[in-house]
Amino acid sequence: MADDRLVIAGREFKSRLWVGTGKYKDFAETKKAIEMSGADVVTVAVRRVNITDRSKENLLDYIDPKKYTILPNTAGCYTVEDAVRYSRLARAAGVSDLVKLEVLGDERTLFPDTAGLIEAAKILVKEGFIVLPYTNDDPIVAQKLVDVGCPAVMPLAAPIGSGLGIRNPYNLKIIMEMIKVPIIVDAGVGTASDAAFAMELGADAVLMNTAIAGAQDPLAMAEAMKYAVYAGRLAYKAGRIPRKLYATASSPIEGML
Amino acid sequence: MQNAIKIHVNGEERAWRSGATVSDLLTELDIKTERVAVELNLEILDRAAFDQRQIKDGDRVEIMSFIGGGSSSRGQHGR
């Protein structure tokens, strides 16, 4: 599958596993986990620089923007204004025009405010951003995001950090069939089989953070996720057999005594 | 010319001197200009403007950068 590249807005990506950088023990572990995962897209949050303790290291000293595509996100933004402001700050900080756009609707579920999301996406697309929106598993909203110019859509599998896995495979499948841009399943994956399942459904990529960073052995889980995404993609392309209620012998009757 | 003024940097009040630029402030705080964004009174500054823009009394400066984070958390993500 060497030529099985993911292309979004003219950019080519080698890995179909994208990873977050939060919740690790330290930057060294973050770096190692990313290496083990094989991901070439790494999402980061935008926050105030710590001006009182300048001894704190910078994440990008560990994750080389020349080696990885840095995908800034608007994590923590609950209004259109905030999401737009953080996106502009991310671009001004100078890594790229990409943004993983989040406009959240509720603190307990961290579900997206999809009306706000569409509005923010519209504004940012006009400003030249490559907007990758974190959205609900709603095919109609996904289509609206494409209509305002998003070159990919990132529906959730389950609430962020929940590890519940693919809660609504049928909606995700409908999104994958209806929407003509790459679909990246973002959030909710708990273990390798969840990632493989997302890819088997036809996802173009999977983005995760907690499933790796929160595992007892993050580096081993990072590697497991790499193979899960790869295996799921292969299986999707291979085309699975249909489900049948009864057995079908796989050995011939002919030649039996 | 070196009169003391008060400004807010990342939400904290700070004594500063009039006539100094954004670049001067970043230098003083030991912050490398690469990969930071500076917002002055809600206006995001072009990097090229750091050397010219002077910070005035009462100004609010936000200096932003990238930290570990995947998806949303309520407040501080990662560390």
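See above for the structure.
Residues numbered from 1 in each chain as written. Chains lettered and ligands numbered in written order. Predicted model: local features only at pLDDT ≥ 70, side-chain atom pairs only at ≥ 80, totals over all residues. Heavy atoms only, no water.

**As for the packing of helix H1 (residues 27–37) of chain A against helix H8 (residues 218–238) of chain A**
Residues and elements named next belong to chain A.
- Between H1 and H8, the shortest axis-to-axis distance is 7 Å and the interhelical angle comes to 25°. Taken together, H1 and H8 sit at an angle that is classed as roughly parallel. When you trace H1 past H8, the crossing you get is right-handed. The residues of H8 that touch H1, namely those facing Glu29, Lys32, Ala33, Met36 and Ser37, are Pro218, Leu219, Ala222, Glu223 and Lys226. (Axes fitted to C-alpha atoms, helices over the stretch in contact; angles between N-to-C directions. Helix = DSSP H or I, 4+ residues; strand = E, 2+ residues; numbered from the N terminus. Parallel < 35°, antiparallel > 145°, perpendicular 65-115°, else oblique. Left-handed = near helix turned anticlockwise from the far one by under 90°. Contact = heavy atoms within 4.5 Å.)

**Some details on the side chain of threonine 43 of chain A**
- Here threonine 43 of chain A is to be found in strand E4 (residues 41–48).
- Only 2.7 Å separates the side chain of threonine 43 of chain A from the backbone oxygen of leucine 71 of chain A, close enough to count as a polar contact.
- Those residues in contact with threonine 43 of chain A, other than ones at most four positions away along the chain, are Val19, Gly20, Thr21, Leu71, Pro72, Asn73, Lys100 and Leu207 of chain A together with Gly69 and Gly70 of chain B. (Polar contact = N/O pair within 3.5 Å; in protein donor to acceptor, adjacent residues only side chain to side chain.)

**Overview of the interface of chain A and chain B**
- Taken residue by residue, the interface counts 47 residues in chain A and 33 residues in chain B.
- Approximately 3400 Å² of surface area, both sides summed, lies buried where chain A meets chain B, with 56% of it carried by carbon and sulfur atoms.
- The three residues of chain A that bury the most area against chain B are Arg47, Arg48 and Ile51 of chain A, which together make up 22% of that side's buried surface.
- On inspection of chain A and its partner chain B, the count reaches two salt bridges.
- For glutamate 39 of chain B, the salt bridge goes to arginine 85 of chain A, with nearest N and O atoms at 2.5 Å.
- There are 10 residue pairs in polar contact (both at pLDDT 80 or more) connecting chain A and chain B.
- Of all the secondary structure elements, the ones that give two or more residues to the side of chain A that touches chain B are H1, E4, strand E5 (69–73) and helix H2 (80–92) of chain A.
- Relative to strand E5 (residues 60–68) of chain B, E4 of chain A runs antiparallel, the two being bridged by five bridges. Considered in E5 of chain B, the bridge of valine 44 of chain A is made with glycine 68 of chain B. (Buried area = accessible area lost by both parts, 1.4 Å probe. Salt bridge = Lys/Arg side-chain N within 4 Å of Asp/Glu carboxyl O. Pairing = 2+ DSSP bridges.)

Everything listed here is a matter of geometry and, on its own, says nothing about what the molecule does.
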